[in-house]
Amino acid sequence: MHRRALLAAIAPLTAGCFGTTQGRSDEPADTPEPTDTPEPTDTPEPTDTPEPGPSEDERRAGSDAIVEAQNQLREAVYIYTDGVSADLLDVSAETTGFDDRAVLLKLSDAQTAIGEAGRAATTTEQTETVESLRELHRYLTQATDLQAWLIDGRDAVLNAYDAIDDGDDEDAVESELDATEEAVENASDPFEAISDVDSGSMDAIDAIGTDEYEAKQRQFEVELDALERLETALSTIYSQRTQLEDARDDIDDGDYDSAENTADRASDELDDAIDDLEDLEENLSSEADAFEDPIEDVLELARDYEDEAGSVEDEAQSQ
C-alpha cells in the first residue's frame, strides 16, 4: 500500500520530466564520427612439421651393418696377405701362394655387406662411411687383380728367360713371351684404376693406412715398370737371336756382306736393350726387389748375345 501511494505521488513529477525530454528528442542527434576500421592482421603461414630423426634403434642398425662390412673388408686384407699380417707391402711379385680367387670371393661377401650397410645408413656420417667402404672395396678388387698379374708376369719372365737361354724352339719361346706380354697388358688397367682411388678411404678400416696405400702404390708402379722393360728386353733378345741365326746361314752360303750387316744391326739392338736394363738395375728401388734377380739374369743373357753378334760380325768381315 505504501509503495502504491508513493508511485501515485511521483507520477505528475515524472510526467513533466518526460515531457521535457520528449521535446528535446525532436532535435536531430549528433551523428558520431566514424572510427577507423582496424587493418586486418596477417595470418601466420603454417609451418612444416619437422620430420622426426632416426630412432636409436635405426642408428644402431646402421652402425652394426657398417661394422659387419668393415669386418668383411678386414678379412679380405688378411686373405690378401695370406693371414701373415695386415700389411699389403708384404706381398710382392715374387710372392708364392697368392690366392686371388679367395680374396675376390671374400670381397664379394664384403660387397653384399656394404650394400646392406648402405640401406641401413640413417645419418650423414653413416652414409659417408659407406661411401668410403665402397671406394676401399674398389681399391682392393683392382689391387688383387693387379697383384695376380704381376706375379704371373714375373713367372713368365723367368720362363721366357729359361726358354731362350736353353735354346728352346720357336713355339716354346713365343709361348712364354706371349704370357709375359699378356701379363703386362692385363696389369695396366687395374693399375690405372687404383691410381684414381681416394687414399682417404683407406681410413674406413684400421687394416690399411694412407701411408701404406701410397707405399703399395709405389711398389705396384716400380714392379710394373720392371715387368714392362723386361718383356721388351726379352723380345729384343729373342728376335736378335733369330737374326744371328740368319747371319750364320748367310756365312754358310757365302753371303758375307749380308751376314755382317745383319750381325751389326743385331748388335745395335742388343746394345740398346743392355743400356735400358743397366739403367733399370742401377736405379731399381727397394719396392721392386722382386725383380732384382730376373733383371740380372736377363741382362747377362743380353750381354751374351751381344758378344755373339760381335763374333758373327767379325767372322763375316774376316772372309
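Residues numbered from 1 in each chain as written. Predicted model: local features only at pLDDT ≥ 70, side-chain atom pairs only at ≥ 80, totals over all residues. Heavy atoms only, no water.

Help me out: how do you make sense of the overall build of the protein chain in this one?
When you go through the protein chain residue by residue, the secondary structure sums to eight helices and zero strands. Listing every helix and strand of the protein chain by position from the N terminus yields α-α-α-α-α-α-α-α. In the protein chain, buried positions account for 37% of the 319 residues. Long-range pairs, those at least 24 residues apart, make up 80% of the contacts in the protein chain with a sequence separation of at least 6. (Helix = DSSP H or I, 4+ residues; strand = E, 2+ residues; numbered from the N terminus. Buried < 20%, exposed > 50% of the residue type's maximum accessible area, 1.4 Å probe, protein only. Contact = heavy atoms within 4.5 Å.)

What is the right way to read the packing of helix 6 (residues 210-252) against helix 8 (residues 292-318) from this model?
For any two helices packed against each other, one specifies the inter-axial angle together with the distance between the axes. One way to put it is that helix 6 packs onto helix 8 with a least axis distance of 10 Å and a crossing angle of 20 degrees. Overall, the two elements helix 6 and helix 8 adopt an arrangement that is roughly parallel. Seen from above, helix 6 lies across helix 8 with left-handed handedness. When helix 6 is examined against helix 8, the residues Leu-230, Ala-233, Leu-234, Ile-237, Arg-241, Leu-244, Ala-247, Arg-248 and Ile-251 are found in contact with a partner set consisting of Pro-294, Ile-295, Val-298, Leu-301, Ala-302, Tyr-305, Glu-308, Ala-309, Val-312, Glu-315 and Ala-316. Each residue belonging to the contact of helix 6 with helix 8 can be placed in one class, and the counts come to 16 nonpolar, no polar and four charged. (Axes fitted to C-alpha atoms, helices over the stretch in contact; angles between N-to-C directions. Parallel < 35°, antiparallel > 145°, perpendicular 65-115°, else oblique. Left-handed = near helix turned anticlockwise from the far one by under 90°. Nonpolar A, V, L, I, M, F, W, Y, C, P; charged D, E, K, R; others polar.)

Explain the environment of Val-91 here, please?
By the secondary structure assignment, Val-91 is in the loop between helix 2 (56-80) and helix 3 (100-120). For Val-91, a relative accessible area of 3% puts it in the buried group. Through-space distance from the C-alpha of Val-91 to that of Ile-151 is 9.7 Å; in sequence the pair is 60 residues apart. When neighbours within four sequence positions are excluded, Val-91 is seen to be in contact with Tyr-80, Thr-81, Phe-98, Gln-147, Lys-216 and Gln-219.

Explain the nonpolar core to me, please; I cannot follow it from the model alone.
Within soluble globular proteins, side chains that are nonpolar tend to cluster in buried spots. By size, the foremost hydrophobic cluster in this structure holds 78 residues, and its most contacted members are Leu-73, Leu-136, Tyr-139, Phe-220 and Val-298. Listed by contribution, the elements that provide at least two residues to this core are helix 2, helix 3, helix 4 (124-165), helix 5 (170-195), helix 6, helix 7 (256-282) and helix 8. The dominant element in this core, judged by the number of residues it contributes, is helix 4, at 16 residues. Sequence-distant contacts of Leu-136, defined by excluding residues within four places in its chain, comprise Leu-73, Ser-201, Met-202, Ala-204, Ile-205 and Ile-208. (Core = buried A, V, L, I, M, F, W, Y, C linked by side-chain atoms within 4.5 Å.)

Even after reading the chapter, I still don't get the side chain of Thr-81, so can you show me in this structure?
Structurally, Thr-81 is set in the loop between helix 2 and helix 3. For Thr-81, a relative accessible area of 5% corresponds to the buried category. In terms of polar contacts, Thr-81 uses its side chain to reach the backbone carbonyl oxygen of Tyr-78, at 3.2 Å. (Polar contact = N/O pair within 3.5 Å; in protein donor to acceptor, adjacent residues only side chain to side chain.)

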